[in-house]
Amino acid sequence: MFDIVKKLMMARQLSMEEGRLTMLNQNILMMPVAGLVTIQKELEKENRQNLIYLAARKTGAWWGEQMKGTFRTKKEDLVKWGMDVVSLAGYGKPVIINIDKENKRMIINLENSTMAEEYGNVGRCVDHMFRGYAAAISDVYFHDNMDAVEVMCKSKGDKVCQCVVKRRTEFDFSNKLVKEQLQGV
Ligand SMILES: [Zn+2]
């Protein structure tokens with residue numbers, strides 16, 4: 001963890017100045033997890049929570065490109081770096097379970113999800129921000145149109161949160177979770 005902070009600071013990619021916190025050339029806002037949970041719960045009332053996923057996927061892809069450009073990060077390291085940034089940002093601890101280069105697929109777990117902790121067990125997946133970042137980093141890695149679905153979530157009663165990332169066309173839209181999480185995005 002400290003390694004990534006050191007590297008970012010050395011490359012002047014993490015700075016804190018008067019009223020401004022920037023990481024990888026993007027203004028950052030610190031807020032309690034409860035703030036994001038409040039917004040997401042309001043969106044859930046209108047079934048619009050996938051907006052959180054959409055926002056994370058868009059900004060995450062941009063971040064990934066910045067990382068690649070600034071640090072000339074090798075493709076292999078890019079996913080690890082991306083996940084370190086997610087960890088640094090306080091979403092939990094991502095663990096890459098599998099990268100299938102041939103079929104352009106990834107499985108990424110999220111341990112200790114702070115969103116799931118804040119929600120508690122509500123019987124549904126809640127890590128829309130994280131799966132957005134997982135999709136984004138895969139976009140940059142595979143140069144393809146990737147999507148992520150959280151198949152296991154602590155808030156759904158699972159032991160760990162797990163995202164399956166693959167090309168949009170490869171998801172089975174008759175699956176309930178896929179339908180729920182990729183609709184309208
Ligand atoms: Zn989760």
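Conventions adopted
- Throughout, a residue's number is its position along its own chain's written sequence, starting from 1.
- Whole-chain, interface and lining totals are the exception, using all residues; otherwise, since this is a predicted model, local features are given only for residues with pLDDT of at least 70 and side-chain atom pairs are given and counted only at 80 or more.
- Joining buried Ala, Val, Leu, Ile, Met, Phe, Trp, Tyr and Cys residues through C-beta atoms within 7 Å gives a set, and that set is a nonpolar core.
- For every residue, the other C-beta atoms within 10 Å of its own C-beta are counted; 20 or more classify it as buried, 12 or fewer as exposed, and values in between as partly exposed. C-beta atoms are placed from the backbone.
- Numbering of helices and strands runs from the N terminus, with a helix taken as a DSSP run of H or I at least four residues long and a strand as a DSSP run of E at least two residues long.
- Here contacts are defined at the residue level, using C-beta atoms placed from the backbone and a cut-off of 7 Å between them.
- The rule for pairing is simple: two strands pair if DSSP sees at least two bridges between them.
- All axes here are fitted lines through C-alpha atoms, helices being fitted over the stretch that makes contact, and every angle between N-to-C directions spans 0 to 180 degrees.
- The cut-offs work like this: below 35 degrees is roughly parallel, past 145 is roughly antiparallel, 65 to 115 is roughly perpendicular, and the gaps in between are oblique.
- Crossing chirality is assigned from the near helix's rotation relative to the far helix, an anticlockwise turn below a right angle marking it left-handed and a clockwise turn marking it right-handed.
- Under this grouping Gly is polar, as are all residues other than the nonpolar Ala, Val, Leu, Ile, Met, Phe, Trp, Tyr, Cys and Pro and the charged Asp, Glu, Lys and Arg.

(A) Looking closely at the nonpolar core. Within the largest apolar cluster, 37 residues are counted, with the highest numbers of intra-cluster contacts made by Tyr133, Ala134 and Val165. The set of elements that each furnish at least two residues to this core consists of helix H3 (50-71), helix H4 (75-88), strand E5 (105-111), helix H5 (114-119), helix H6 (128-142), strand E6 (146-152) and strand E7 (161-167). Tallying contributions element by element places H6 first for this core, with nine residues. Ignoring sequence-local partners within four residues, the contact set of Val165 consists of Arg105, Met106, Ile108, Ala134, Ala135, Ser138, Met146 and Ala148.

(B) Quick peek at the sheet that holds E7. Spatial ordering of the open sheet is given by E4-E5-E7-E6, a layout of four strands whose pairing is antiparallel. Looking at strand neighbours, the two that pair on one side only are strand E4 (93-100) and E6, the edges of this open sheet. Here the average twist between neighbouring strands, direction ignored, is 20°. As paired elements, E5 and E7 share five bridges and run antiparallel to each other. Paired with Ile107 across the two strands is Val164, which belongs to E7. Along the sheet face, H6 touches E5, E6 and E7 and points at about 140° away from the line of E6.

(C) Quick peek at the sheet that holds strand E3 (residues 26-27). The three strands lie next to each other as E1-E2-E3, forming an open sheet whose pairing is antiparallel. Each edge of the open sheet carries a strand with a single partner, namely strand E1 (14-17) and E3. Relative to E3, strand E2 (residues 20-23) runs antiparallel, the two being bridged by two bridges. In the sheet register, Thr22 faces E3, and the bridge partner there is Asn27.

(D) Structural context of the pairing of E1. Here E1 pairs with E2 via four bridges, running antiparallel. Note on E2: the bridge partner recorded for Met16 is Leu21. The loop that links E1 with its antiparallel partner E2 comprises two residues; one of these, Gly19, has a positive phi angle of about 70°.

(E) Highlighting the pairing of E7. For E7, the buried fraction is high: six of the seven residues fall into the buried class. Strand direction decides the pairing type here: E6 and E7, joined by six bridges, are antiparallel. By the bridge assignment, Val149 is partnered in E7 with Val164.

(F) Broad picture of the packing of H4 against H6. The interhelical angle for the contact between H4 and H6, taken along N-to-C directions, is 160°, at an axis separation of 10 Å. In terms of their interaxial angle, H4 and H6 are classed as roughly antiparallel. Where H4 crosses over H6, the handedness of that crossing is right-handed. Between H4, through Lys75, Leu78, Val79, Gly82 and Val86, and H6, the contact on the second element is made entirely by Phe130, Tyr133, Ile137, Val140 and Tyr141. Split into classes, the residues belonging to the contact of H4 with H6 amount to eight nonpolar, one polar and one charged.

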